[in-house]
Amino acid sequence: MYKEKILNLLRSSRSGFISGEELARICGISRTMVWKHIKSLEREGFGIEAVTSQGYKITTMPDILRQGDIRPGLKTRVIGKAIHLLSEVASTNTLAMEMAANGTPEGTVVIAETQTKGKGRLGRKWISPKGNLYFSVVLRPNVPMHKAPLITLMGAVAVASAIRTQCGLAAGIKWPNDILISGKKVSGLLTEMSAEQDRIRHIVLGIGVDVNMEMGELPPEVRSLTTTLAAEAGAKINRIALLQQLLRDLESWYQKFLKNDADILEEWKKLNVTVGNRVTVSGMGESLVGLAQGVDNEGRLIVRLDDGTIRTVAAGDVTIVKK
Ligand code: BTN
């Protein structure tokens with residue numbers, strides 16, 4: 001608690017020094033205790049300059065997510081009501097699904113710095129080195145089960161919008177929910193659901209965004225298909241500000257989804273980079289080639305095959321065939 005307070009005091013006087021005596025007086029602790037907390041902050045990665053007769057000053061901040069940094073300025077009503085921040089977890093989705101089954105409130109967010117068993121779509125792994133964002137949001141929408149796929153599209157719209165707003169990058173959506181920049185994947189979404197008959201009990205929307213990781217962290221076979229926000233922007237991205245924007249956009253698009261899901265499809269269509277292209281769709285035991293014509297009201301991809309047959313696809317992997 002004192003460490004957090006000292007950190008906040010140092011941060012609010014970032015331009016100048018603040019003396020150990022002053023820190024001790026404000027916190028109501030001894031100067032030795034102040035010194036111990038300063039050492040502990042240094043161990044966490046903060047660069048702190050100490051100058052005799054002037055005091056302490058923060059020089060560099062570590063790229064770590066801290067509860068105390070996420071909440072201020074978030075201003076959401078539902079999403080992020082409870083935030084569970086972990087340095088490592090098997091999968092934020094798996095943990096969020098467990099928490100949801102145990103009654104955690106809607107809007108609970110589980111975030112981790114790394115995942116040891118990150119899950120991707122279609123049973124794939126999601127490699128999760130440090131420097132990116134990995135989080136899952138618990139939702140309890142009161143809508144029939146056939147609307148569930150629209151929640152994934154809603155998540156993709158929110159992620160693409162947040163990246164556009166926060167990083168100024170032209171993020172687009174490849175069906176159903178890959179976020180691409182310049183044709184390379186920068187984010188993916190995985191939705192898991194618990195339901196009974198036609199009622200959704202809860203949905204966990206899992207989001208992975210490649211933000212600041214080194215590309216060398218990825219296996220060579222996916223490297224050429226992937227990018228990071230930092231690589232696209234040409235500078236490191238502030239993960240806290242991005243996370244806050246993501247949570248804010250998720251909240252506003254989720255509210256829109258609950259009011260009128262047609263708004264989601266309309267926005268998804270604007271951001272999508274699939275429709276109008278010749279595509280290969282694979283992953284459901286067959287591979288289709290044709291023109292991606294559109295999406296139906298439930299978010300399924302409509303493909304016109306070369307013989308004119310129309311096929312509607314609920315799940316799969318799309319590759320855009322280069323013209
Ligand atoms: C995809 O295959 O594109 C979906 C990737 C989803 C990854 C995220 S990272 C946070 C959450 N936890 C997981 O285990 N997976 C999702």
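About the criteria used
- Each chain has its residues counted from 1, following the order in which its sequence is written.
- Reporting in this predicted model follows two pLDDT cut-offs: at least 70 for local features of residues, and 80 or more for side-chain atom pairs to be given and counted; totals over whole chains, interfaces and linings ignore these cut-offs and use all residues.
- Values reported for side chains reflect all heavy atoms of the structure, with hydrogen atoms and water molecules removed beforehand.
- Pairing of aromatic rings covers Phe, Tyr and Trp, the last counted by its six-membered ring, and requires centre-to-centre distances within 6.5 Å; plane angles under 30 degrees mean stacked, over 60 mean edge-to-face, and any other angle means tilted.
- Helix and strand assignments follow DSSP, with helices taken as H or I runs no shorter than four residues and strands as E runs no shorter than two, numbered in order from the N terminus.
- Throughout, exposure labels follow a simple rule: accessible area from a 1.4 Å probe, protein chains only, divided by the maximum for the residue type, with under 20% read as buried, over 50% as exposed, and the rest as partly exposed.
- Note on criteria: charge over ring means Lys NZ or Arg CZ within 6 Å of the ring centre, with the direction from the centre no more than 35 degrees off the ring normal.
- Criterion used throughout: strands pair if DSSP finds at least two bridges between them.
- Between the N-to-C directions of two axes lies an angle of 0 to 180 degrees, each axis being a line fitted to C-alpha atoms and, for a helix, fitted only over the stretch in contact.
- It suffices for a single heavy atom of a residue to lie within 4 Å of a molecule or strand for the residue to be listed as near it.
- For this analysis, a polar contact is any N or O atom pair within 3.5 Å, provided that within protein one partner can donate a hydrogen and the other can accept it, and provided that sequence-adjacent residues contribute only side-chain to side-chain pairs.
- All accessible-area figures derive from a Shrake-Rupley calculation using a 1.4 Å probe, and residue coverage is judged against the displayed protein chains alone.
- Side-chain classes are defined by residue name, with Ala, Val, Leu, Ile, Met, Phe, Trp, Tyr, Cys and Pro counting as nonpolar, Asp, Glu, Lys and Arg as charged, and the others, Gly among them, as polar.
- Convention used here: angles under 35 degrees read as roughly parallel, angles over 145 as roughly antiparallel, angles from 65 to 115 as roughly perpendicular, and any remaining angle as oblique.
- Handedness of a crossing follows from how the near helix is turned relative to the far one, being left-handed for an anticlockwise turn of less than a right angle and right-handed for a clockwise one.
- Note on definitions: a residue-residue contact is assigned when non-hydrogen atoms from the two residues lie within 4.5 Å.

**With respect to the packing of aromatic side chains**
Per the stated rule, a full pass over the model turns up one aromatic pair. With centroids separated by 6.4 Å and ring planes inclined at 15°, the aromatic side chains of Y254 and F257 adopt a geometry described as stacked. Here the residue Y254 and the residue F257 both occupy positions in helix α9 (residues 239–259), the gap between them amounting to three residues, near one helical turn. There is no split in this pair, since Y254 and F257 are both buried. Its guanidinium or amino end placed over the ring of W253, K256 lies 3.7 Å from that ring's centre, counting from NZ or CZ.

**Focus on the sheet that holds strand β10 (residues 278–282)**
With respect to topology, five strands assemble into an open sheet ordered β13-β12-β11-β10-β14, the strand pairing being antiparallel. Edge positions in the open sheet fall to β13 (310–313) and β14 (317–320), since each of these has one partner strand only. If you compare each strand with its neighbour and ignore which way they point, the axes differ by 45° on average. As judged from the four bridges shared by β10 and β14, these two strands associate in the antiparallel manner. Opposite V281, over in β14, you have V318 as the bridge partner.

**Brief notes about the site of the ligand**
With respect to spatial proximity, 20 residues lie near the ligand, and among them S91, Q115, K119, R121 and K185 are the closest. Take S91: an N or O atom from its side chain is 2.8 Å from an oxygen atom of the ligand. Take Q115: an N or O atom from its side chain is 2.9 Å from a nitrogen atom of the ligand. For the ligand, whose unbound accessible area comes to 410 Å², protein coverage reaches 98%. Mapped onto the shell around the ligand, the elements with two or more residues apiece are α5 (92–101), β5 (133–139), β8 (184–196) and β9 (199–209). Here the shell around the ligand takes four residues from β8, the largest share from any one element. Each residue belonging to the shell around the ligand can be placed in one class, and the counts come to six nonpolar, ten polar and four charged.

**Notes on the packing of helix α6 (residues 148–167) against helix α10 (residues 262–271)**
At a closest axis distance of 9 Å, the pairing of α6 and α10 adopts a crossing angle of 50°. As summarised for this structure, α6 and α10 are arranged oblique, according to the angle between their axes. Helix-helix and strand crossings are classified by hand; for α6 and α10 the assignment is left-handed. In this structure, α6 contributes L150, L153, M154, V157, A160, S161 and R164 to the contact, and α10 contributes I264, L265, E267, W268 and L271.

**Focus: the sheet that holds β5**
With mixed pairing, seven strands are arranged side by side in an open sheet as β3-β4-β5-β9-β8-β7-β6. A single partner strand is all that each edge strand has here, and the edge strands are β3 (83–89) and β6 (172–174). The average angle at which neighbouring strand axes cross in this sheet is 20°, direction not considered. Of the strand pairs in this sheet, β6 and strand β7 (residues 178–181) are connected by three bridges, and their pairing is antiparallel. Among the inter-strand pairings, K174 is bridged to a residue of β7, identified as D178. Lying on the sheet, α5 is in contact with β3, β4 (109–115), β5, β8 and β9; it crosses β9 at an angle near 155°.

**Considering the side chain of N272**
You can see N272 is positioned in the loop between α10 and β10. Classification of N272 as buried rests on a relative accessible area of 13%. At 2.7 Å, the side chain of N272 and the backbone nitrogen of V275 are in polar contact.

**Observations concerning the pairing of strand β12 (residues 301–305)**
Because side chains alternate across β12, one face comprises the buried residues L301, V303 and L305, and the other comprises I302 and R304, none of which is buried. The hairpin turn running from β12 into β13, its antiparallel successor, is four residues long, and G308 in that turn takes a positive phi close to 95°.

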